[in-house]
Amino acid sequence: MKKFRKVLDGLTTSSPVNPGGSPACGSAAGTPSATPTPRELEIHETLMSEHFQICKTVRHGFPYQPTALAFDPVQKILAIGTRSGGVRLLGRPGVDCHCQHESGAAVLQLQFLINEGALVTACADDTLHLWNLRQRRPAILHSLKFNRERITFCHLPFQSKWLYVGTERGNTHIVNIESFVLSGYVIMWNKAIELSTKTHPGPVVHLSDSPKDEGKLLIGFESGTIVMWDLRVKRADFRIYYDEAIHSVSWHHEGRQFMCSHSDGSLSMWNMRNTAKPFQVTFPHGKTQRDGRKESCKPILKVEYKTSRNSSEAFVVFSGGLSYDKAGRRPTLTIMHGKAITVLEMDYPIVDFMVLCDTPYLNEVQEPYAVVVLLEKDFVVVDLTQSNFPIFENPYPMDVHESPVTCTAYFADCPPDIIPVLYSIGAKHKKTGYSHKEWPVSGGTWTVGSQTYPEIIVTGHADGSIKFWDATAITLQMLYKLKTSKVFENPKSGDVGRSGELVEEDPYAVQMISWCPQSRIFCVVGTSAHVILYRFSKHDANTTITSLEVRLQCEMEDVISPSDTENTPCYSDPSGLSPQPQPPSPRSNTPDSARDSISCLKVKDRMIRMPPGYQAELVVQLLWIDGEPPQQITSLDLNSAYGLLAVGNCNGLAVVDYLQKTILLCMNTLELYGSADPFQRLTRSPRKNRQSTSGLTELSDNQVSLDLERSKSPTSAPYSPSLHNDPRGTGEPVSNLRSCHYSPVFYLLDNDHVNGHCTSPTSQPCPSGRARVPGGPEGPRLARRGPGRPPFRKAQSAACMEVSLPVSSLTEESRENSFSRSRSSSVSSIDRETKEAVTTLQFMESYGRKSDSLPTPCLWVGTSLGLVLIIPMSIPMDEQERQEDPVTVAPAGTVLMLKGSILRVSFLDCGGALIHSPYEVWRDQQAPADPDRPRKRKLVNFSPSSSQEASGDCHLAVVCSERQAKVFLMPTQACLYVHNITESSFVLRADVVSVCNSVGLACFCANGHIMTLSLPSLRPLLDVNYLPQTDMRIARTFCFTNGGQALYLCSPTEIQRITYSQEMCDNLQEMLGELFTPIETPEAQNRGFLKGFFGGNSQTFDREELFGEASAGKGSRSLAQHIPGQGGMEGMKAAAGGVVGELARARIALDERGQRLGELEERTALMMTSAETFSKHAHEMMLKCKDKKWYQF
């Protein structure tokens, strides 16, 4: 047991010095704490550094920027290569593996060793790799690096160990798959073409062996030249010179004819008996014009020619070939079956496709049953067995990026009933019309691991949609989809007001989400400065949505430091303590006045029918004020037990009572401090030219009771559309934009200026763009923002968000381009601070003052200056009183201080256990009323005093900022422990998580480091440089959860899940699926005597005899360099361990033993025959020499 001692005697209100050396700010009450404080804390910390290890678990989503496709028809495993060097291996649901080439070079081509558990990848750095798939985490066995030639095409015949490699120079090399070395057999381009040909044939674009004779290799060159090379005699059987460039070639299974696709949109058919010219040339999508010529068409990039046993007509499947005059047509896949032509339009360009067939043998009837189509951003499988060609329902989560992902949240160990409920609601809205057949990619095996618990991932998207995903047991399955845009009126194209301006923008983009799985209350923050609160119901509802409008605005001139000499008045919102809307003052018809007290979006004000699921109940919107748009929301928290919702941005804080639908508090950040402001900043009086402040109530440190009548929200404010012109035609310099202090979340979605810079949210704010121009206080506002400019730019995906500084601020930070650049968070620059953003909010039962003896509901507010304010609240406990009596909010002036912007606040009891926020148990408010069982609120409260009788009524507050973490003892507010997390970078994400039956602090820094600290002592347990190159996409989406897991968006279309728990790393092998399963290779069909006699049967030949070192010699070492993998063949043998590998090796050993026994029997028979012959000859010699004398010899 480790003992933590902290002497707490003699604590007074005079700023005591904490271990970190900075003064701990005391309570403003000025009296010692009345709560008994323990003399020492004894907490047994069980977390050690051995409990942590960083490891990637699984990757979900669509492979970003795919380049290649391959399929094993026996194992039924699919492989997808990407431009970043990744390989995705897919089988049955649960069998999903991601591999990565260390070089990061694009994957050009994939070739399965069919039914061998191996894969060959050809990369853009001219390297071949052999992957071992017989283990749960595939590894590279061999690599072969080409030095002088570029790889363009590869072909591996079925059941062959020799790989044909075509190059950009037109040569064809042969590689031994077992040893991964070059053969001395090379087909040079000048040998393949005729000597009289004066031009180079171009790169090799196709290689395939003839189905009729494996000793014949068909070589296709880009220029249109086709050569049939006889491997035995090392010469060309025939050569074809075609006018159009070749993109692909496909054989008929009998080997008598083949089909080529060309760059002019044509398909040519060639017969092996007459190769002088094609016997058929078709333009499938080219019409004949009046002059008799075919209209020009786009290239057909790939064609596949497959025969079917049940039909005399073959399937011809190709991509491209549309005529050029059909502009705007989407990419197509064409299926020709006899005279029927079906054109399937795709949503994205086609990267590659592959026809799936029953047999792996090319010389048999192919019997196609599906087409796998790889698109740039999607993955489609078409059923060929039905005439209408339906698609299969994709079991993989390939639509994560259906709309760009803008935020993520990860919830582990959820209530067990939440996943079935969400699935049952979401299943009612699933699409129909899919094929009824089984998903054809069904290889591998996967079983649910023993250590599983409910996990849910929530993603927010640019179109305002929310997706709930079941992430249990390293899988990902869509549960439920919610569209937040349905809450608002659709912008009309004819409007010139707020709606018309946002038609081409992303006004509904999800910026932040907050979810209470226990009460099933869900809250969404949108980029248009709006908050939507949802309740879950299993029943339909016809309701109206309540809308609350908040005036929360703070100009950068509103705050001055004591050093400022001028006393220019500033504006203070009268709704800070009285949310009742003030009548608009008389104003002229100016752009600014037309935009006062309006919201960015218009909420539907009529009765709406809501289906079962999440139903909107309340919308909170920040308003335009005097022509200035509301700043985006930077922090959010809700508490279902209190019935309260808190919202903060760079201007201030608003607290909403969503049970009574009223605004309790609406103040700028400076007003929250009152007399407890540690910097003693001054506020200026309101401007005379703005709204009257007659209704403003002076803020004090005493409690302010807000009665229900004054707290009603404006829900029927008149909407006056703006009449000025669209400003998009008048460009304004970036330096004219108003600068302010941006929090991490706010700044990511505001892309008024993007230049690639990314700074810590505690970096020094940007100075004003330019001074006020003469002629009135409203002049610069018109200059900075055009008269009709929309409040926000198009919301970008979290995959491509960048953060920058305005141009005017680049004078001091032009050299600070690095994401992890160290920046001072000192408050010495407070004189230059313009705004203090609210960066984190947390409702909790805590102590608002040192004098408090019992915990009360409090709101903890963290700001960008490293300050933490505690706001006590008085909430009626009786259910009826809670609906009628007002909630009292009392800013107490309690301030705690850290270095850097506050990121996380959490609480522990004096035993070191995590204290959860109180919550309300879910009840369906739309369910039919039962008079015998009235529905009442059932609250679950985790009061820190409930389990701490021995230690007294106290608890620990864990506060983490960008730079450091501190642990405070409440209510004395003494700093017990402090740890400076980083000096060279800053923390992007921090969470207090449960791991290994204990609690720790997990941090993710901008320099890519992942750290864990023990609690409460803040001992460093883990510090790993996990992501050296962190970009804004990762910074925006990285999140921790309980159980030692985390996730982030590793690409615009993929979610990467990781674990930092040693226990989960140890159990990961059990959780992953098996890619390879022992399956007998199907036997080739017996085609009969007549077909074989008349040349229909394929001829076999010994490739080893032709390509082996004995006959062909060794390949050039300077041409290609062999690079052994980490495991080599020994790794292959070791990976084949276990029961399956032992059985496979035993079967191979038995086959070899039987073969040796057969050879021994043959040798024995030969010896017996030889002995008999010798005996016979000896007997004949004896008879011949029997009567001869000795002298006759």
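None of the values given here were measured: they were computed from a predicted structure. For every chain, the first residue of its written sequence is number 1, and the numbers climb from 1 along that sequence. Per-residue local features of the predicted model are confined to residues with pLDDT of at least 70, and side-chain atom pairs are confined, for both listing and counting, to 80 or more; whole-chain, interface and lining totals are unaffected and use all residues. Side-chain measures here rest on the full set of heavy atoms in the structure, leaving out hydrogens and waters.

Draft legend 1. Molecular detail of the overall build of the protein. Within the protein, the secondary structure is distributed over 16 helices and 65 strands. Exposure categories follow from relative accessible area, calculated using a 1.4 Å probe and restricted to protein chains: below 20% of the type maximum is buried, above 50% is exposed, and the middle band is partly exposed. Out of the 1193 residues in the protein, the part that is buried amounts to 57%. Contacts are residue-level and defined by heavy atoms, with any inter-residue pair within 4.5 Å sufficient. Counting contacts in the protein only where the partners sit at least 6 residues apart, residues at least 24 apart contribute 63% of the total. Total accessible area computed for the protein in this model is approximately 51,000 Å², and 51% of it derives from carbon and sulfur atoms. Under the scheme used here, helices are H or I runs from DSSP no shorter than 4 residues and strands are E runs no shorter than 2 residues, and both carry numbers assigned from the N terminus. Throughout, the Shrake-Rupley method with a 1.4 Å probe supplies accessible areas, and for residues the shown protein chains are the sole cover considered.

Draft legend 2. Broad picture of helix α11 (residues 1062–1071). Among the residues of α11, M1064, C1065, N1067, L1068 and M1071 are the ones counted as buried. Contacts from the buried residues of α11 go to β1 (52–61), β63 (1045–1051) and β64 (1054–1061). Within 3.5 Å is the distance limit for a polar contact, defined as a pair of N or O atoms, with the added protein rule that one can donate a hydrogen and the other accept it, and that residues adjacent in sequence qualify only through two side-chain atoms. Residue S1061 occupies the N-cap position of α11, its side-chain oxygen lying 3.3 Å from the main-chain nitrogen of E1063.

Draft legend 3. Spotlight on the environment of L653. Inspection of the secondary structure puts L653 in strand β43 (residues 652–657). Residue classification places L653 among the buried residues on the basis of a relative accessible area of 0%.

Draft legend 4. Geometry of the sheet that holds strand β30 (residues 455–461). One open sheet accounts for four strands, arranged β29-β30-β31-β32; its pairing is antiparallel. Each edge of the open sheet carries a strand with a single partner, namely β29 (405–412) and β32 (477–483). Neighbouring strand axes in the sheet, compared pairwise and without regard to direction, differ in orientation by 20° on average. Orientation is described by axes fitted as lines to C-alpha atoms, over the contacting stretch for helices, and by angles from 0 to 180 degrees between their N-to-C directions. Packing against the sheet, helix α2 (residues 418–427) makes contact with β30, β31 (465–470) and β32, and its axis sits at approximately 65° to β32. Paired strands, in this sense, are two strands between which DSSP finds at least two bridges.

Draft legend 5. Region of the structure containing the pairing of strand β19 (residues 257–262). Taken across its six residues, β19 has six buried, putting it largely inside the fold. Connecting the antiparallel pair strand β18 (residues 246–251) and β19 is a turn made up of five residues, with G255 showing a positive phi of about 75°. Pairing geometry for β19 and strand β20 (residues 267–271), over five bridges, is antiparallel. In the sheet register, C260 faces β20, and the bridge partner there is S268. In sequence, β19 turns back onto β20 through a hairpin of four residues, with G265 there showing a positive phi of about 85°.

Draft legend 6. Quick peek at α2. For α2, the complete set of buried residues consists of I418, I419, V421, L422, I425 and G426. All buried residues of α2 lie within an arc of 165° about the axis, which places them on one face of the element. Looking at the buried residues of α2, the elements they touch are β30, β31, β32, β33 (510–516), β35 (530–537) and β40 (613–622). What the arc measures is the spread of directions leading from the helix axis to the C-beta atoms.

Draft legend 7. Representation of the pairing of strand β49 (residues 867–874) in the model. Summarising burial for β49: seven of the eight residues are buried, a large majority. Between strand β48 (residues 856–863) and the antiparallel strand that follows it, β49, lie three residues; G866 among them carries a positive phi value of about 85°. Of the pairings in the sheet, the one linking β49 to strand β51 (residues 894–897) comprises four bridges and is antiparallel in character. When the sheet's bridge partners are listed, L867 is paired in β51 with M897.

Draft legend 8. Geometry of the nonpolar core. In this text, buried Ala, Val, Leu, Ile, Met, Phe, Trp, Tyr and Cys residues form a nonpolar core when linked through side-chain atoms within 4.5 Å. One finds L422, I456, V458, F468, W515, F522 and Y614 to be the most contacted residues of the largest nonpolar core, which totals 35 residues. Looking at this core element by element, the count peaks at five residues for α2. Once you skip the residues sitting within four places of it in the chain, F522 turns out to touch V458, I466, F468, L482, I513, S514, W515, I532, L533, Y534 and Y614. V655, L670, I871 and M873 belong to the second-largest nonpolar core, a separate cluster that totals 28 residues.

Draft legend 9. Just the packing of aromatic side chains, in detail. For this analysis, a ring pair means two rings from Phe, Tyr or Trp (six-membered ring only for Trp) whose centres lie within 6.5 Å, classed as stacked if their planes differ by under 30 degrees, edge-to-face if by over 60, and tilted for the remaining angles. Taken as a whole and judged by the stated rule, the model has 27 aromatic pairs. For the ring pair Y480 and Y614, a centre distance of 6.2 Å and an interplane angle of 50° mean the geometry is tilted. Here Y480, found in strand β32, pairs with Y614, found in strand β40; they are 134 residues apart in sequence, far enough to count as distant. Judged by its relative accessible area of 5%, Y614 falls in the buried class. An aromatic cluster is built from F411, F468, Y480, W515, F522, F536, Y614 and W922, whose rings are joined through pairwise contacts. Positioned above the aromatic ring of F1076, the side-chain terminus of R134 is 4.2 Å from the ring centre. By definition, being over a ring means that NZ of Lys or CZ of Arg is both within 6 Å of the ring centre and within 35 degrees of the ring normal. Here the guanidinium or amino end of R520 rests over the ring plane of W922, the centre of that ring lying 4.0 Å away.

Draft legend 10. Region of interest: unusual backbone geometry. Residue P971 follows M970 across a cis peptide bond; omega there is 15°. Counting through the fold element by element, P971 comes out in the loop between β56 (964–970) and β57 (974–980). Residues L1015 and P1016 are joined by a peptide bond in cis, for which omega reads 10°. Its place among the elements puts P1016 in the loop between β60 (1009–1014) and β61 (1020–1025). Phi angles above zero are rare outside glycine, and K76 is one such case at about 55°.

Draft legend 11. Looking closely at the pattern of salt bridges. Salt bridge, as used here: a side-chain nitrogen of Lys or Arg that lies within 4 Å of a carboxyl oxygen of Asp or Glu. Scanning the entire structure with this criterion turns up 35 salt bridges. The residue E617 makes a salt bridge to K661 at a minimum N-O spacing of 3.4 Å. Here E617, found in strand β40, pairs with K661, found in the loop between β43 and β44 (662–668); they are 44 residues apart in sequence, far enough to count as distant. With a relative accessible area of 22%, K661 lands in the partly exposed category. A salt bridge links D991 to R904; the nearest nitrogen and oxygen atoms lie 3.0 Å apart.

Draft legend 12. Geometry of a negative patch on the surface. On the surface, a cluster of negative charge is made up of D878, E881, E884 and D885. Assignment of secondary structure puts E884 in helix α9 (residues 879–884). Residues enter patches when their relative accessible area tops 30% and they take part in no salt bridge; the joining distance is 9 Å for like charges and 5 Å for the nonpolar side chains Val, Leu, Ile, Met, Phe, Trp and Tyr. Counting rule for charge: Lys and Arg are taken as positive, Asp and Glu as negative, and neither His nor the chain ends is counted. Every charge is mapped to an atom, namely NZ of Lys, CZ of Arg, CG of Asp or CD of Glu.

Draft legend 13. Layout of the confidence of the model for the protein. The pLDDT score gives, residue by residue, the confidence of the prediction method on a 0 to 100 scale. When pLDDT is averaged along the protein, the result is 78; 74% of the residues meet or exceed 70. pLDDT under 50 marks residues 1–39. Its contacts with residues more than four places away, or in other chains, come to 79 contacts. Every residue in residues 556–593 scores below 50 in pLDDT, and together they form 99 contacts with partners more than four places removed in sequence or on other chains.

Draft legend 14. Region of interest: the sheet that holds strand β16 (residues 225–230). Taken in spatial order, the four strands make up an open sheet running β14-β15-β16-β17, and their pairing is antiparallel. Edge positions in the open sheet fall to β14 (204–209) and β17 (235–241), since each of these has one partner strand only. Strand-to-strand twist of the sheet, defined as the mean angle between neighbouring strand axes without regard to direction, takes the value 15°.

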